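Observations on the model geometry
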Amino acid sequence: MPPGDPPAADATVLVDIDAESGVATLTLNRPDALNALTVPMKRDLLAAFRRVERERGVRAVILTGAGRAFCAGQDLRERLQPDAAPLGVEVRERYNPIIRAMRALPKPIVGAINGVAAGAGASLAMACDLRIASETASFALAFGRVGLVPDSGATWFLPRLVGSSRAAEIALLGDSVSAADALRLGLVGRVVPGDQLAAEATVLATRLAAGAPRALALTKRALNAAWAHDLDAALDYEAHLQDLAGRTKDHAEGLSAFMEKRPPHFTGE
Ligand code: T3D
């Protein structure tokens, strides 16, 4: 955390920036409500993603939850308030901008899934670039249980991560998917004991933060675009991005480091 910028004790999203490693950790912080998402929290989460995009020293991001849950999705108590926005408005104006910001963030996001990820909480997890889960984590597309449709990108991410047949089971039945099953299905990349999650996520994010930032940003862009591309378009787009990457100082540094048999030192230039 930079000096002079302590988090408010009641902040709904904690932002902790480790200047040395270049890793920013965003922590959803309403543990008593399993980090269920309220209007201020969605605003704070979007602001946090915008902040880590602006901060040049941040090269990788961890998204996790405080307490025993990752995120239980929309705060259902807030939804019962008489002044709650219509659902379509809430999704368009508050959820979708967060998901768009995560996918457009030119820095990798590691989801450290420390507990249950339900409803829009599962969507947030799926919008991360990499997911590492605690053994006690679980995923539930709980939308159907409250008579709603999977949103915040869930219907887009899920079939791409686990295939359409498994996605239909998870989305239509809404059953909880254990961390072990999530690993088997490809919903997460790694599962570790709960007491090792923070450390393992930090190791992963620190590795990413030491990578060539422009190359990683362009790789994320290519992977995002690949879903909408056929092979011809993907080949053309890769060539275009390689042109850009090839002009960076980091590419020259990578070549020098290889020839000199030393680790590269990437600066993002
Ligand atoms: O605006 C819009 O609505 C559109 C967007 C919708 C997107 C969505 O995310 S819809 C889906 C919303 N989420 C859910 O339906 C999940 C609801 N929660 C649960 O099903 C369960 O809590 C869990 C399976 C996640 C965990 O179960 P468990 O037994 O481990 O914990 P618990 O006892 O149910 O919850 C602990 C506390 O967290 C409890 O509070 P209390 O009684 O101790 O004061 C519970 O009410 C609170 N909590 C959990 N989830 C939510 C929540 N409070 C508000 N909203 C929640 N989503």
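Throughout what follows, the structure given in this document is the object of discussion. (Residues numbered from 1 in each chain as written. Predicted model: local features only at pLDDT ≥ 70, side-chain atom pairs only at ≥ 80, totals over all residues. Heavy atoms only, no water.)

Taken together, the neighbourhood of the ligand is formed by 22 residues, with R68, Q74, L76, R79 and A120 sitting nearest. Side-chain polar atom of R77 to an oxygen atom of the ligand: 3.2 Å apart, as the coordinates give it. A120 places a polar main-chain atom, nitrogen or oxygen, 2.8 Å from an oxygen atom of the ligand. If the ligand stood free it would expose 1100 Å²; the protein chains cover 68% of that surface. (Near = heavy atom within 4 Å. Polar contact = N/O pair within 3.5 Å; in protein donor to acceptor, adjacent residues only side chain to side chain. Areas by Shrake-Rupley, 256 points an atom, 1.4 Å probe, with all protein chains shown as cover.)

Spatial strand order, β4-β6-β8-β9: four strands in an open sheet with mixed pairing. Edge strands, defined here as strands with exactly one partner in the open sheet, are β4 (69–71) and β9 (177–178). (Pairing = 2+ DSSP bridges. Helix = DSSP H or I, 4+ residues; strand = E, 2+ residues; numbered from the N terminus.)

Ranked by size, the top nonpolar core spans 52 residues in total, and within it L26, F49, L63, M102, L124 and F139 carry the most contacts. Excluding residues within four positions of it along the chain, F49 makes contact with L26, V61, L63, I98, A101, M102, L105 and I109. Counting 13 residues, the second-largest nonpolar core is a separate cluster that includes A112, I132, L197 and L204. (Core = buried A, V, L, I, M, F, W, Y, C linked by side-chain atoms within 4.5 Å. Buried < 20%, exposed > 50% of the residue type's maximum accessible area, 1.4 Å probe, protein only. Contact = heavy atoms within 4.5 Å.)

Let us now look at a nonpolar patch on the surface. A contiguous nonpolar surface patch, about 320 Å² in accessible area, is contributed by L76, L87, V146 and L148. Here L76 lies in helix α2 (residues 76–79). Classification of L76 as partly exposed rests on a relative accessible area of 47%. (Patch = residues over 30% accessible without salt bridge, like charges linked within 9 Å, V, L, I, M, F, W, Y side chains within 5 Å. Salt bridge = Lys/Arg side-chain N within 4 Å of Asp/Glu carboxyl O.)

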